[in-house]
Amino acid sequence: MSDVVHPSSAAYLDEEEGLSAYQLLKPHWRVTLAAFLGWFLDAFDQVALLLCLPDIGSSLHVGLTAMGVAITAQSVGRILGNTGWGWLADRYGRKLTFMLGVVWFALFSGATAIASSYLVMVAIQFCFGIGFGGEWTASAALLMESVPAKARTLASSIMMAGYECGFFAAAAAQAIILPRYGWRALFLLGLVPALLAIFIRIGVPESPVWLKLQQQGGAKKRRKSGMFRLNVAALQAIAFMAVLQFQNAALYSFYPTLLRDVHHLTPGQVFPLVAAYCVGSLIGKPVCGVLTTRFGQRPVLYVYFLITVAGIIPFVTAQNFVTMLTTAFIIGAFGNSVWAVVPHFLAQRFPSATRSLGMGTSYAAAALGQGLSGFWVPWFAQRHGLAYSIELSVFVGTAITALVLVYHPPELPGEHMEGEVRT
C-alpha cells in the first residue's frame, strides 16, 4: 500500500511523540465508547442465552446437546453477518453498518423472549447471529481507523472489555430476574441496545480512513484488489481467529451450565463466580493491551496461554468456593484477556480498501470455531463428563493457537493506514 501523507501528517506525528496512548485516545472517546457499548450489548444478549441454557432447554423440552445446536446456529448466522456486513461496511461505510447491526441484533434478541418452540428458537438465534457478527465487524474497523496508531492497542483492549461488562451485567440480571420472572423476561431487555443506534447516528463520525478512500476512488481500489488478498497475513488471521474462538468458547460457553448442573449451584450462587471471571478479564484486558504495546504481542500472549493451561483444571474441577473464585478470576484475567489484541491484530493484516471484509471473514472463522465448540463440548461431555470436555478443548485449542501465532508474515498490509507516515 502506498504512503498517503496529509500535509500536516509529519507535524501531527511529532505532536504524538510526547503523548501517551491514553492522551491520544481521549479526543476519540465517542467512537471508543460506541464500540465498547456495542460489544457490551452484544455480550449481554449472547451471555443471557448461555446462562439460561438449562432453563430454556427444560421449557422447550430439549437437552443440553440440542441447546448446543442453537449456539451453533447463532455461530452460522455470525458467519453470514461477519462477511456480508463486512462487505457492506467497505462499500457503504463503517458507521451506517454499525447502526444497522445494532438494531438487527436488538430486535432478534427481544424475539427470543417469544420463541414458542425449539425450532423457532434455533431460527431466532441464527438471525441474532447475523446482527451480532455485523455489529462487531463494523465497529472494530471504525474504531481502528479512527484512533491514532499509538493508541490502537489501548482502544482495542477497551472495546473488547465491553464483553466482560456485558457478561457481568447479564449474570447480575439473571440472578435477579430468572428466579422471579423466568428466562423470557430476561430477553425482553435485549430490545434496549436499539437505543445505541441513536448515539452512533448523532455522536460518532465516520471512519476518516474510509472517507479518504472514497475521495481517492475507493470503489476502483476494491475492484482492483478483489474481495481481499488471501495472502499469508490474511490466512494467519483467519486460522488464528478460528482456533482462538474454539478455545475461548470452551472456556466460557458452558461454564454457567457446569456450575449449575455439575456443581449444583443456584443462579444466585453462580453470579459471584461469573463476576470474578468478568472482573479478572476487565483488569486483564487493559493490562494485556499495555503489555503488548511495550513487549510485543507474541511474548505476552504466550505467557497468557501458559497461565491459562495451568489454571484450567482447577477452574472446572475445584469444589472449594474460595478456590473456585480465585481460578475464575485467573482464567478471566489471562485466558480471556488475550482478546484485547484481536481488533488491532486483525486490522494490521488487511488493507484499508477491504479491511472490514477481511476482519469480518476472520471473525466468521471465529464463529466456525465457536460453532464447533458449541457442538463438540456437550457431545464429548456425554461420554466423559463436562469438566473433562472443557479441559481437553482448552488444552488443544490453546496449543494450536500458539502454533498459528509462531509465524511472522513478511508484510502486514494494514500496519500503516492512509494519512500515516512510515517510520
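Note that the coordinates shown come from a computational prediction; the quantities given were computed from them, not determined experimentally.

## Some thoughts on a nonpolar patch on the surface
The grouping of Phe 168, Val 279, Ile 283, Val 287, Phe 329 and Ile 330 at the surface amounts to a nonpolar patch, some 430 Å² of accessible area in total. Contributions of two or more residues to the nonpolar patch are made by helix 15 (267-295) and helix 17 (321-335). Residue contributions to the nonpolar patch peak at three residues, all from helix 15. Along the chain, Phe 329 falls in helix 17.

## What to know about the packing of aromatic side chains
Any pair of aromatic rings gets described here by the distance separating the centres and the angle formed by the planes. The full count for this structure, using the stated rule, is 19 aromatic pairs. Between Trp 104 and Phe 108 the ring centres are 5.6 Å apart and the planes differ by 40°, which places this aromatic pair in the tilted class. One end of the pair, Trp 104, and the other, Phe 108, are both in helix 6 (residues 94-111), four residues apart, so they sit about a helical turn from each other. For Trp 104, a relative accessible area of 31% gives the class partly exposed. You can call Phe 108 partly exposed: its relative accessible area is 24%. Of the aromatic side chains, those joined through ring pairs into one cluster are Trp 39, Trp 136, Tyr 163, Trp 339 and Tyr 363. A cation over an aromatic ring shows up here: Arg 349 above the ring of Phe 345, its NZ or CZ 3.7 Å from the ring centre.

## Things to note about helix 13 (residues 232-252)
Compared with the 30 Å implied by 1.5 Å per residue over 21 residues, the 30 Å span of helix 13 between its first and last C-alpha is a close match. Across the 21 residues of helix 13, 16 count as buried, placing the element largely inside the fold.

## Remarks on the confidence of the model for the protein
Looking at the protein as a whole, its pLDDT mean stands at 84, while 91% of the residues score no less than 70. Considering each helix and strand of the protein separately, the mean pLDDT is smallest for helix 1 (residues 9-17), with a value of 46, and largest for helix 20 (residues 386-406), with 94. Predicted confidence for residues 1-15 stays below pLDDT 50, and this span has 21 contacts to residues more than four positions away or in other chains.

## As for the domain arrangement of the protein
The extent of an interface is frequently quoted as the accessible surface area lost upon association of the parts. Split by domain assignment, the protein resolves into domain 1 (24-223) and domain 2 (232-406). Centre-to-centre separation of domain 1 and domain 2, based on C-alpha positions: 18 Å. Note on domain 1 versus domain 2: buried area summed over both sides is about 4300 Å², and carbon and sulfur give 70% of it. It is Trp 136, Thr 153 and Glu 164 that lose the most area in domain 1 upon contact with domain 2, and together they represent 14% of the buried surface on that side. Linking domain 1 to domain 2 there are three salt bridges. Across the pair Arg 260 and Asp 55 runs a salt bridge whose closest N-O atoms are separated by 2.7 Å. Inspection of the region where domain 1 meets domain 2 yields 14 residue pairs in polar contact (both at pLDDT 80 or more). Looking at the side of domain 1 that touches domain 2, the elements with two or more residues in it are helix 3 (29-51), helix 4 (53-60), helix 5 (64-92), helix 7 (118-146), helix 8 (152-181), helix 11 (208-215) and helix 12 (218-225).

## Thoughts on unusual backbone geometry
At His 61, a residue that is not glycine, the phi angle is positive and equals roughly 65°. Mapped onto the elements, His 61 comes out in the loop between helix 4 and helix 5. The backbone phi angle of His 264 is positive, close to 60°, even though this residue is not glycine. Secondary-structure assignment places His 264 in the loop between helix 14 (255-262) and helix 15. Overall, His 264 belongs to the exposed group, its relative accessible area being 61%.

Cut-offs and rules
Residues numbered from 1 in each chain as written. Predicted model: local features only at pLDDT ≥ 70, side-chain atom pairs only at ≥ 80, totals over all residues. Heavy atoms only, no water. Patch = residues over 30% accessible without salt bridge, like charges linked within 9 Å, V, L, I, M, F, W, Y side chains within 5 Å. Areas by Shrake-Rupley, 256 points an atom, 1.4 Å probe, with all protein chains shown as cover. Salt bridge = Lys/Arg side-chain N within 4 Å of Asp/Glu carboxyl O. Helix = DSSP H or I, 4+ residues; strand = E, 2+ residues; numbered from the N terminus. Phe/Tyr/Trp six-rings, centres within 6.5 Å; stacked < 30°, edge-to-face > 60°. Buried < 20%, exposed > 50% of the residue type's maximum accessible area, 1.4 Å probe, protein only. Lys NZ or Arg CZ within 6 Å of the ring centre and 35° of its normal. Expected span 1.5 Å × (residues − 1). pLDDT = per-residue confidence, 0-100. Contact = heavy atoms within 4.5 Å. Domains from an automatic or database assignment. Buried area = accessible area lost by both parts, 1.4 Å probe. Polar contact = N/O pair within 3.5 Å; in protein donor to acceptor, adjacent residues only side chain to side chain.

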